[in-house]
2 protein chains.
Amino acid sequence: MWKMGLSSGEVAALWAVLGVAIIGLLYALFLARQILSKDKGTPEMQAVWKDIRDGARAYLNTQLRSLVPLMVLLFILLAISVLVVPVTPEAVETFCAVPEGLGRLEVLQYACPTATWAIALGRAFSFLLGASFSFMVGYLGMMMAVEGNVRVASAARRSYSEALTIAYRSGTITGMLTVGLGLLGGTIIFMVYGKSAPDALLGFGFGGSLIALFMRVGGGIYTKAADVGADLVGKVEAGLEEDDPRNAAVIADLVGDNVGDCAGMAADVFESFEVTIVSALILGIAIAAQTGEVHWILFPLFVRAVGVIASIIGTYLVRTDDEKRDAMGAINFGYYASAVISTIGFGVISWVYMRGEWRLFLATVAGVALAIAIEKLTEIFTGTGHQPVKEIAASTRFGAATTILSGLAEGFESTVWQALAIAASIGVAIFLFHGQPYIYILYAVALTGIGMLTMTGNNVSMDSFGPIADNAGGIAEVAGMSEEGIKVLDDLDAVGNTTKAITKGVAIASAVIAAVSLFGSFFTDTNLVLERLGRPTLAAINVADPLVFIGLLVGGTLPWLFGGLMIRAVSRAAGDMIQEVREQFRWPGVMEGTRKPDYARAVAISTRAAQKELLPLGVMAITTPIIVGLVLKAEALGAFLAGLIVSGQLLAVFMANAGGAWDNAKKTIEDGLYGGKGSEAHKASVVGDTVGDPLKDTSGPAMNPMIKVVNLVALIIAPMVVQFTGLSVGVIVFVLILLAAFIWALRISKRPSGFAEGMSE
Amino acid sequence: MWKMGLSSGEVAALWAVLGVAIIGLLYALFLARQILSKDKGTPEMQAVWKDIRDGARAYLNTQLRSLVPLMVLLFILLAISVLVVPVTPEAVETFCAVPEGLGRLEVLQYACPTATWAIALGRAFSFLLGASFSFMVGYLGMMMAVEGNVRVASAARRSYSEALTIAYRSGTITGMLTVGLGLLGGTIIFMVYGKSAPDALLGFGFGGSLIALFMRVGGGIYTKAADVGADLVGKVEAGLEEDDPRNAAVIADLVGDNVGDCAGMAADVFESFEVTIVSALILGIAIAAQTGEVHWILFPLFVRAVGVIASIIGTYLVRTDDEKRDAMGAINFGYYASAVISTIGFGVISWVYMRGEWRLFLATVAGVALAIAIEKLTEIFTGTGHQPVKEIAASTRFGAATTILSGLAEGFESTVWQALAIAASIGVAIFLFHGQPYIYILYAVALTGIGMLTMTGNNVSMDSFGPIADNAGGIAEVAGMSEEGIKVLDDLDAVGNTTKAITKGVAIASAVIAAVSLFGSFFTDTNLVLERLGRPTLAAINVADPLVFIGLLVGGTLPWLFGGLMIRAVSRAAGDMIQEVREQFRWPGVMEGTRKPDYARAVAISTRAAQKELLPLGVMAITTPIIVGLVLKAEALGAFLAGLIVSGQLLAVFMANAGGAWDNAKKTIEDGLYGGKGSEAHKASVVGDTVGDPLKDTSGPAMNPMIKVVNLVALIIAPMVVQFTGLSVGVIVFVLILLAAFIWALRISKRPSGFAEGMSE
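Residues numbered from 1 in each chain as written. Chains lettered and ligands numbered in written order. Predicted model: local features only at pLDDT ≥ 70, side-chain atom pairs only at ≥ 80, totals over all residues.

Student: Before we go on, may I ask you to explain the overall build of chain A in this structure?
Tutor: Scanning chain A from terminus to terminus reveals 19 helices and zero strands. A globule of 761 residues ought to have a C-alpha radius of gyration of about 27 Å, and chain A, at 25 Å, matches this closely. On the principal axes, the C-alpha backbone points of chain A span a range of 85 × 55 × 45 Å. By the burial criterion, 65% of the 761 residues in chain A qualify as buried. (Helix = DSSP H or I, 4+ residues; strand = E, 2+ residues; numbered from the N terminus. Rg over C-alpha atoms; globule rule 2.2 N^0.38 Å. Buried ≥ 20, exposed ≤ 12 C-beta atoms within 10 Å, placed from the backbone.)

Student: Even after reading the chapter, I still don't get the interface of chain B and chain A, so can you show me in this structure?
Tutor: Frequently, the measure chosen for interface size is the accessible area removed from exposure when the parts meet. Counting residues at the interface gives 73 residues for chain B, matched by 73 residues for chain A. For the side of chain B that touches chain A, the element with the most residues is helix α12 (residues 400-432) of chain B, which contributes 20 residues. When grouped by side-chain class, the residues that make up the side of chain B that touches chain A number 51 nonpolar, 18 polar and four charged. (Contact = placed C-beta atoms within 7 Å. Nonpolar A, V, L, I, M, F, W, Y, C, P; charged D, E, K, R; others polar.)

Student: How should I be thinking about unusual backbone geometry in this particular structure?
Tutor: For residues that are not glycine, phi is negative in most cases, and the peptide bond is trans in most cases. Residues and elements named next belong to chain A. Within the chain, K633 stands out as a residue other than glycine whose phi angle is a positive 80 degrees. When you line up the elements, K633 lands in helix α17 (residues 599-670). When the 19 C-beta atoms within 10 Å are taken as the criterion, K633 is described as partly exposed.

Student: Whenever I open this one, the relation of the copies chain B and chain A confuses me. Can you help?
Tutor: The pair of chain copies shares a relation made of a rotation about an axis and a shift along it. Aligned on chain A, chain B shows an RMSD of 0.0 Å; the corresponding rotation is 180 degrees and the shift along the axis is 0.0 Å. Look at the turn and shift together and you get a two-fold axis relating the two. Taking C-alpha positions as the reference, the residue of chain B nearest the rotation axis is N542(B), at 2.3 Å. With an isologous cut-off of 70% or more, the 100% of interface residues of chain B that recur at the interface of chain A puts this contact in the isologous class. (Least-squares fit on C-alpha atoms with pLDDT ≥ 70 in both.)

Student: Would you explain helix α17 (residues 599-670) of chain B in this entry?
Tutor: An α-helix turns once per 3.6 residues; consequently, residues spaced three or four apart project the same way. Residue and element names in this part refer to chain B. Its 72 residues give α17 an end-to-end C-alpha distance of only 28 Å, which falls more than 12% under 106 Å, the value for a rise of 1.5 Å per residue. Most of α17 sits inside the fold, with 60 of its 72 residues counted as buried. The positive-phi residue at the C-terminal boundary of α17 is G672, with phi of around 120 degrees. (Expected span 1.5 Å × (residues − 1).)

Student: Explain the environment of V709(A) here, please?
Tutor: Residues and elements named next belong to chain A. Among the structural elements, V709 can be located in helix α18 (residues 680-723). Its 27 C-beta neighbours within 10 Å are what place V709 among the buried residues. In this structure the C-alpha to C-alpha distance between V709 and A363, which are 346 residues apart in sequence, comes to 25 Å. In this structure, V709 is in contact with S209, L210, L213 and A621, ignoring residues within four places of it in sequence.

Student: What should I look at first to understand the packing of α12(B) against helix α15 (residues 483-532) of chain B in this one?
Tutor: Packed helices, taken two at a time, are described by the angle their axes make and the gap between the axes. Residues and elements named next belong to chain B. The geometry of α12 relative to α15 is characterised by a closest axis approach of 11 Å and an angle of 40 degrees between their N-to-C directions. With respect to their mutual orientation, α12 and α15 come out oblique. Read as a crossing pair, α12 and α15 show a hand that is right-handed. For the pair formed by α12 and α15, the contact residues are Q418, I422 and I426 on the first element and A509, V512, I513 and V516 on the second. For the contact of α12 with α15, a count of residues per class yields six nonpolar, one polar and no charged. (Axes fitted to C-alpha atoms, helices over the stretch in contact; angles between N-to-C directions. Parallel < 35°, antiparallel > 145°, perpendicular 65-115°, else oblique. Left-handed = near helix turned anticlockwise from the far one by under 90°.)

Student: Is there a simple way to explain the packing of helix α4 (residues 113-156) of chain A against helix α5 (residues 160-193) of chain A in this structure?
Tutor: All names here are of chain A. The contact between α4 and α5 brings their axes to 8 Å, and the two run at 170 degrees. The orientation of α4 relative to α5 falls into the category roughly antiparallel. Tallied by class, the residues present in the contact of α4 with α5 amount to 18 nonpolar, ten polar and three charged.

Student: Explanation requested: the environment of P86(B) in the structure shown.
Tutor: Residue and element names in this part refer to chain B. Within the fold, P86 resides in the loop between α2 (43-84) and α3 (89-95). Taking the C-beta count within 10 Å as the criterion, P86 has 18 such neighbours and is therefore assigned partly exposed. For the pair formed by P86 and L108, sequence separation is 22 residues and the distance between their alpha carbons is 10.0 Å.

Student: Can you walk me through the nonpolar core in this structure?
Tutor: If you look at soluble globular proteins, the nonpolar side chains tend to sit buried side by side. Ranked by internal contacts, the top residues of the largest apolar core, which has 573 residues, are A167(A), A642(A), A167(B) and A642(B). With near-sequence residues (within four places) excluded, A642(A) lies in contact with F519(A), I541(A), L552(A), G555(A), V543(B), F549(B) and L552(B). (Core = buried A, V, L, I, M, F, W, Y, C linked by C-beta atoms within 7 Å.)

Student: Honestly, the environment of L26(B) in this entry has me stumped. Any pointers?
Tutor: Residues and elements named next belong to chain B. Inspection of the secondary structure assignment puts L26 in helix α1 (residues 8-36). Overall, L26 belongs to the partly exposed group, with 13 C-beta atoms counted inside 10 Å. As a C-alpha pair, L26 and P467 span 441 residues in sequence and 24 Å in three-dimensional space.

Student: Sorry if this is basic, but what is going on with the confidence of the model for chain A here?
Tutor: Caution is warranted with low-pLDDT regions, since their predicted coordinates should not be read in detail. Per-residue pLDDT for chain A has a mean of 87; in total, 98% of the residues score no lower than 70. In the predicted assembly, ipTM is 0.92 and pTM is 0.92. (pLDDT = per-residue confidence, 0-100.)

Right under this line is the structure:
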């Protein structure tokens, strides 16, 4: 098969992997039918739910429309890129008639139009495949979460266990879509392209990451604009409770939970899941080309398939009874069941198929261990029972300033330990393949990423569970449900907050692991191109070279730029929202509760605000690596990626953990500590939480896809960059065009924040 | 001379440089006599002043005592390090009888005890020299500032221009000490050791940086503990004005301005000034060894001498009259006068001595340009007239949370542009020495650092001017001076705030430039050692090697760890202060103003709190690079430094600029914007300012010396690290001891923050 020497058993196993991916999707379908058959509760509940559903749908439809032009442009550019970057020897071998026994570069003289077409279409269609899958995961996952919301609320009136099952299974649908489509895409591309797959795989990864960036940024801005806006006017100015139906932004806030925490997170995790397999396959194909051993390629696919099966079983086991009411215990049971099944599965593969190649097994298990370590660290730095949150809560007694300072101190420190945990897992990869070429170590790092994301099915289920429970509670509140039912939903919501925080930590860590292995592919890939061009290959990415050091420094700045711009974007959108809510409060009847506010107007504001910010940020993420590559050259571009990864990891974890810790400090005070709700301490804790919200839900999480979009763009343009040795007129003009695009995007992103302009009372 | 082929003219010029350094010091002495001859005002003013003087003196005396054991230990370790790291061929050539015409390594067989003794003593005594100079600059500078304070207050009753002159010249004393001692030390070491100077220069740099780190950290914690403590209890709880004599922390607060802004800043700038010449000389000596051209060594010394002369003239020109009252104009006039004189001087040297080697001239001028660019950027991001501060001020209307968010957004962004300015100046160095070995480019980077710090004399004068004017105002306030005089001092204080912010930006940027060239010396140095050991030299610091990437990642975490720990330290100290002030408010008579609070007790609290934090942070800064070097080896240690520089630069600038912007946003509101003092907007702006204070005055500035201490430790241990190829038992035991020391230090630094424990109302 594909002239790669796969045995018939291996071919059968590949088809089996494809089968498992499809089983995962069928399981999602099965769960969806199960959920949809449940009742939607009272007419009041359905009325609220319809508003949420329409708002969510409208948002993603607008998003889709506004992204189509960019997608079409990139599709065309990727297709015609084959004119600039010719096909690889591997593509010629795969698609043309080539005599046996030729050297790697001799093959090129047998190049045929089929190979060119195959690669052109492969780059473009894989990009489209990645983008559509990412969008689908987000879209379908979110719509199923919305369908779940109202049914969870309705079930909460009857039974705790039923409400838990519906909420968790609604989330599991997204989980299975994530792992099913992720495995499907990677496997199909490899089955079609064989050893010439890297080109198409990069396109697949790029499409997925780009859409994930947009979903994350858009969803993050949407949700925080609505949340911050609703809180500042509703809670602080007008003294209303959370989810008070008189607040015009209340529906937008509930929609925000769906588009941010469901659609955004799902697309993001999908992208991590996808990119880890992309980098493992690319590195595996490179090793297989040298050793002739195809198991380097197949192992990650098999591991993924085992993970999908383990997730199906583990998630199905999540249930509790109305006596115990132990949602967290049930979810954890499912999680550990999946972990045990996967680990046994990895062992069986290593033993039966890999003939005792235990290093790959250990690298994968190291990933599982890393996931657990990250969860523990996240728990320590953001959990209510631990010292950091206790200290932040204690400092609320001295006002907002000390609250912020102690959150900053804890957040700064937490990022150190998470980075060290990641460093340790890279250390394991080095230890396992000590003395072998870097590519083996990087492959092991990619496997660690694969291992980390083995339980993605469970993680996404747990994560989506959060906003579903939250929304169900909101629906119950707005629709005026019974106390008893609301209590059930509150309990579920508290569990959801914990599961959400855990997933966030894993998502960031997996992003770094994926980025490190992509960065390794960059080095390998660039050298393959240089070899094809008959030019000396890169010996190193030497940061002692001042030009390369500049690349490192510039790469380090990018997360700070994005972080700052995204905070501004949230402020701007929240400012618009505040004006709208204030205006509607002045409408006669709204404050008295005799007239319903116009929720749709607030929803439209969040939708529009989020849309405006997407394109500029996307343009900056795409143009920056191209400019750096063309001006500073390939080696500095490599260092740029290294700087981006290190700086992005530190900043993202700081934001996520500081935000999470402030949030939970507020919760402990609302549970009665230091005077409880309404006390001065509570006010200070609300400031902490409001500051933390855009950090943990917008800027921080958007770092994951941003880092990978930039990495993938760098990988895709690397062959182009090394072709231009000097700064010719054409290159200069191209760089100037890109710079102009960058500056245009920056100017849009830098519009004054929403709190600045003409916003006096 | 020193077998280096210096012409008699060059020798004479070296002596002239030494003479210029001494002239700088004599000028300081002249100014000191001038200041001391002024009157000290009323008995009330003198009483306040004596409290401040005693507090400041007590602080630095305590600091000195607590550091002596560490200094003695390091002195001994550096002296006996010659047993582990043998002398260089250059030392043998300089101090032993060696026949002519031998190769670099052949010389080693002529090694004599004199060389060993010279190097052992050189390393140890240069360390002591650097440390003492750094301490002296801080100590004397601070004491002169204190002497100046009361005389400025007294003069303000008579004349604006006289008050300005005294304040500025008191600051100039520190400025001239900084440049005089910096130039003296570097020149003497070179004159004694010739081409074997690098060893001693590293010791010199290390001593200066380590003391600067302690002065910065100690001073920063002292000043912010007093400031935050005084504000939170005095202003917020008791509703008192700034500098109200009933507040027990008021004297500690005034002392804090001196130990933080005078002593801390002076030691810090001295260290940057010193380290840039250290790295320029080390790189210059390495180039001269290859080319035989000694002008690579002498040029930086000459440039520095020109700078000293230009500063003497420029600072002396600063004066205004009582009509115009234009302090800022006068200070700027002096600054630009110095800039013009220096640039002309550089041109003359390049033309006459360097025989038209204009590249060195241009690299130096690029440094001057970078200093100006950094000043502009700092002004844009923290100045009251510009968009960022305006936006932060506007967002205060929506409460503390939006104030913090907009400050974060602006701070994040500002760090990007400053990093790009630094990248551009490295780009100039690359452009000038395009195609030549890295060492030339790094040398040009070092010259850029030298150029940047040419106006150090002026910068330090401007910077010290700030706290002197501030303290004079405090003395006037506490001593109950006339409105008219207080108005003069307020005007001067406002100017001082601007000059302080500018110096901070330059200090950070120069730290990065110095660190980049030190980092270059690391690479060169390590390879010289490897060559001597007959082992293959490092080809690169290749971040595509996973082990090296770990180094990069770990290096990136260090600034975050320090940043977090220092915020905690300030919180802890402020917590102690709050308890003290609260207790004293309860003393009968204090609130009524009939009984003086016990200022000395508050001073003692700040002093003790600052001392406790120093040693642990110092231990962490020293042990980390040794552990990384021994465990991950030299190449990863290099990447560790690169990660540290990039991450430290970004974090430090973020902290400095966000803090400065919050401070000025508060000022614009206090000047009447959005309701002025007492409004809700003002309260929000106070939160911003209180959060920003420890960032801009403690954590942020401490990054400069921390980055360089770590770099210098890495340089010093590099020869040791490359000698150990494996992990022998001895190395493992040593690493474990260091790790234990690190963990001990971390545990102390991680004690709960002052707001956490038993601090209920």
